Amino acid sequence: MGLQAKSMHGVWVSRWTFILAATGSAVGLGNMWKFPYVAGSFGGGAFVFVYLLCVFLIGVPVMMAEVLIGRSGRQSPINAMRHAVTVSGAAQHWRCVGWLGVTAGLIILSFYAVIAGWALDYVVQMARGNLIGADGEVAAGLFAELTNNPLRLIVWQTAFLALCMVVVVRGVRKGVGTAVEILMPLLFVMLLGMLVFAVFKGDFSAAWQFLFRFDASSLTWRAILEAMGLAFFTLSIGMGAIMAYGAYMPANASIGQTVLVVALFDSLVAIISGLIIFSIVFATPGIEPSAGPGLMFISLPVAFGNMPGGLLVGAVFFILVVIAAWSSAISLLEPAVAWLMEAQNYSRLKANVVLVAAVWVLGLGTVLSFNVGRDATIAGFTFFDALDFLTANIILPLGGLAISLFTGFAMRKAIIEEQIPELKGAWMTAWRAVLCYVAPFAITCIFVMGIYDKFFL
Ligand code: PFF
């Protein structure tokens, strides 16, 4: 087998399409919904600091490894890992990384579609003016009305999955490539518009203080585990989505530079979203920054409902969230679609239908965990909490650990040199040291202490 495989799915037209697609995958509900409420729950500044450390010290090197494996294999993560393992003459068990990743992607998509469905519902609620003059109680009531209604949740979940399918079914260039070339610039313009609104109409300095004031006392091991899990989740790493996109990256693009741009965009959007949300929340009396998952769907709509022009801005904001979620969700679906096409000879359409149907059924568990199945918990986790914790805090860090160790120790050097010829001397030594020692040590340590803190303290 040659070192560089050929792709049956096509390749992006340019490095920029890859950057837009990877940023589209990275920037999503994780940045706009999860980052603000988790940072809020864990006290702000110190958490944000650890999050950024994880993004740049662990996330960027691991993401480079993923793109490298993907581009060298030019196939779905499962087959790209197989290619890398075979060409390197490494132990076959490394191949489970691809399987774990593709499975995790489908699990994430199952709950992601439900939450993205909430955002779709809120676009309509905002546009209809349901939240004009609403206080916290009214907004909480409207949110409960939505989450207590399984049918309404299923309608939106289905609509969102249909949106994903429409894109992925068209293929790599025409579908995913075209979608991100339209959606991502739109997303950035809308985000900057929202930021200007937040600076002039919100309490920007309070938001800044909250996100950047370093208070070490809030840094428990649990908080550090959450920060690392969130870094992996928001970067879409540890599970093959970026590996799948790497398979479509032009051969001459520099992996290191490209990945750095994606990580910069990703963390910038998380921070800007945090600044927008907290500016608006702090400008509205009686709302807590640590409101949890409801921060975006309860606290924020109250703020919008009570501002001049707030409903229009609110509708734009939730459209923005939907776009971010959409461009991420397609990267959760694409790896499995590519694999079914390669391994089972399925057409793109058939692969999409089969997978979306399976994801839809699994998503019903999340739908029900907000209403009739609310009390069905294991170790305090509802079905949704369990899937969220399992994927972000367990599978993604473990996937990242395995990818680091594989690339650091087991992968043939010739593949690495072929894929990142620009990484030379001290940079190459530093990158390998991170993959071999720093990332594995940090991930293991944070993982063990975080789990201990969560379950045994
Ligand atoms: N990065 C996405 C977000 O922040 O919302 C979520 C995600 C997408 C995670 C794709 C993992 C993935 F493979």
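Structure first, text after, so check above.
Only a predicted model underlies this, so the values are computations on that prediction, with no experimental measurement involved. (Residues numbered from 1 in each chain as written. Predicted model: local features only at pLDDT ≥ 70, side-chain atom pairs only at ≥ 80, totals over all residues. Heavy atoms only, no water.)

### Concerning the packing of helix 2 (residues 29–41) against helix 10 (residues 221–235)
Relative orientation of the contacting elements helix 2 and helix 10 amounts to 170°, with a least axis distance of 11 Å. Taken together, the axis directions place helix 2 and helix 10 in an arrangement best described as roughly antiparallel. For the pair formed by helix 2 and helix 10, the contact residues are G30, N31, K34, F35 and V38 on the first element and E226, L230, F233 and T234 on the second. Here the residues of the contact of helix 2 with helix 10 are counted per class, giving four nonpolar, three polar and two charged. (Axes fitted to C-alpha atoms, helices over the stretch in contact; angles between N-to-C directions. Helix = DSSP H or I, 4+ residues; strand = E, 2+ residues; numbered from the N terminus. Parallel < 35°, antiparallel > 145°, perpendicular 65-115°, else oblique. Contact = heavy atoms within 4.5 Å. Nonpolar A, V, L, I, M, F, W, Y, C, P; charged D, E, K, R; others polar.)

### A few points about the pattern of salt bridges
The tally for this structure, following the rule as stated, stands at four salt bridges. Ionic pairing is found between K34 and D388, a salt bridge with its closest N-O pair at 3.0 Å. Pair noted here: K34 is in helix 2 and D388 is in helix 16 (residues 383–410), with a separation of 354 residues, a long-range link. Side by side, K34 and D388 carry an identical accessibility label, which is buried. (Salt bridge = Lys/Arg side-chain N within 4 Å of Asp/Glu carboxyl O. Buried < 20%, exposed > 50% of the residue type's maximum accessible area, 1.4 Å probe, protein only.)

### Regarding the nonpolar core
One broad trend across soluble globular proteins is that nonpolar side chains are buried collectively. Formed by 184 residues in total, the largest nonpolar core has its most connected members in M296, F317, F318, F406 and W431. With sequence-adjacent residues up to four places away left out, W431 is seen in contact with P61, M64, A65, L68, T407, I416, I420 and L423. (Core = buried A, V, L, I, M, F, W, Y, C linked by side-chain atoms within 4.5 Å.)

### Some thoughts on the packing of aromatic side chains
Enumeration according to the criterion identifies 29 aromatic pairs in this entry. Ring plane angle 70° and centroid distance 5.0 Å describe the contact between W99 and W339, whose orientation is recorded as edge-to-face. Taken together, the positions of W99 in helix 5 (residues 96–128) and W339 in helix 14 (residues 310–344) put the pair 240 residues apart, joining distant regions of the chain. Note on W339: relative accessible area 17%, which makes it buried. Over the ring of F233 we find K34; its NZ or CZ atom is 4.4 Å from the centre of that ring. Directly above the aromatic system of Y346 lies the positively charged group of K350, at a separation of 4.2 Å from the ring centroid. (Phe/Tyr/Trp six-rings, centres within 6.5 Å; stacked < 30°, edge-to-face > 60°. Lys NZ or Arg CZ within 6 Å of the ring centre and 35° of its normal.)

### A few points about the site of the ligand
Taken together, 15 residues form the shell around the ligand, and within it A26, G30, Y112, F233 and A241 come nearest. One of the backbone N or O atoms of L29 is found 3.0 Å from an oxygen atom in the ligand. Y112 is positioned such that a nitrogen or oxygen atom in its side chain is 2.4 Å from an oxygen atom of the ligand. Contact with the protein chains covers 100% of the free accessible surface of the ligand, which is 330 Å². Because more than half of its atoms lie within 2 Å of the grid, the ligand is assigned to the largest cavity. Grouping the constituent residues of the shell around the ligand by class yields seven nonpolar, eight polar and no charged. (Near = heavy atom within 4 Å. Polar contact = N/O pair within 3.5 Å; in protein donor to acceptor, adjacent residues only side chain to side chain. Areas by Shrake-Rupley, 256 points an atom, 1.4 Å probe, with all protein chains shown as cover. 1 Å grid on protein atoms, 1.4 Å probe; cavity = no way out; pocket = protein on both sides within 12 Å on 5 of 7 lines; lining within 4 Å. Sits in = over half its atoms within 2 Å of the grid points.)

### Things to note about a nonpolar patch on the surface
Residues F49, L53, L57 and F214 make up a contiguous nonpolar surface patch of about 400 Å² in total accessible area. Examined against the element boundaries, F49 turns out to sit in helix 3 (residues 45–73). For F49, a relative accessible area of 43% corresponds to the partly exposed category. (Patch = residues over 30% accessible without salt bridge, like charges linked within 9 Å, V, L, I, M, F, W, Y side chains within 5 Å.)

### Things to note about the packing of helix 2 against helix 12 (residues 255–282)
One can describe the packing of helix 2 onto helix 12 by two numbers: an axis separation of 9 Å at closest approach and a directional angle of 65°. In terms of orientation, helix 2 and helix 12 fall into the roughly perpendicular class. The crossing of helix 2 and helix 12 is right-handed. Along the contact surface, helix 2 presents N31, M32, F35, P36 and G40, while helix 12 presents D266, V269, A270, I271, S273, G274, I277 and F278. (Left-handed = near helix turned anticlockwise from the far one by under 90°.)

### A word on the state of the cysteines
Applying the stated criterion to the full structure yields zero disulfides. Sulfur of C445: no disulfide; nearest cysteine sulfur belongs to C54 and is 11 Å away. The exposure class of C445 is partly exposed, given its relative accessible area of 28%. (Disulfide = S-S within 2.5 Å.)

### With respect to helix 9 (residues 204–212)
Residues three or four positions apart in an α-helix share a direction because the helix packs 3.6 residues into each turn. All of the buried residues along helix 9 are A207, F210 and L211. Mapping the buried residues of helix 9 onto a view down its axis gives an arc of 90°, with all of them on the same face. As for helix 9, its buried residues are in contact with helix 2, helix 3 and helix 12. (Arc of directions from axis to C-beta.)

### Here we look at the side chain of N31
Here N31 shows up in helix 2. Its relative accessible area of 0% is what places N31 among the buried residues. A polar contact of 2.8 Å, which involves the side chain of N31, links it to the side chain of D266.

So far we have only geometry, and geometry alone does not tell us how the molecule works.
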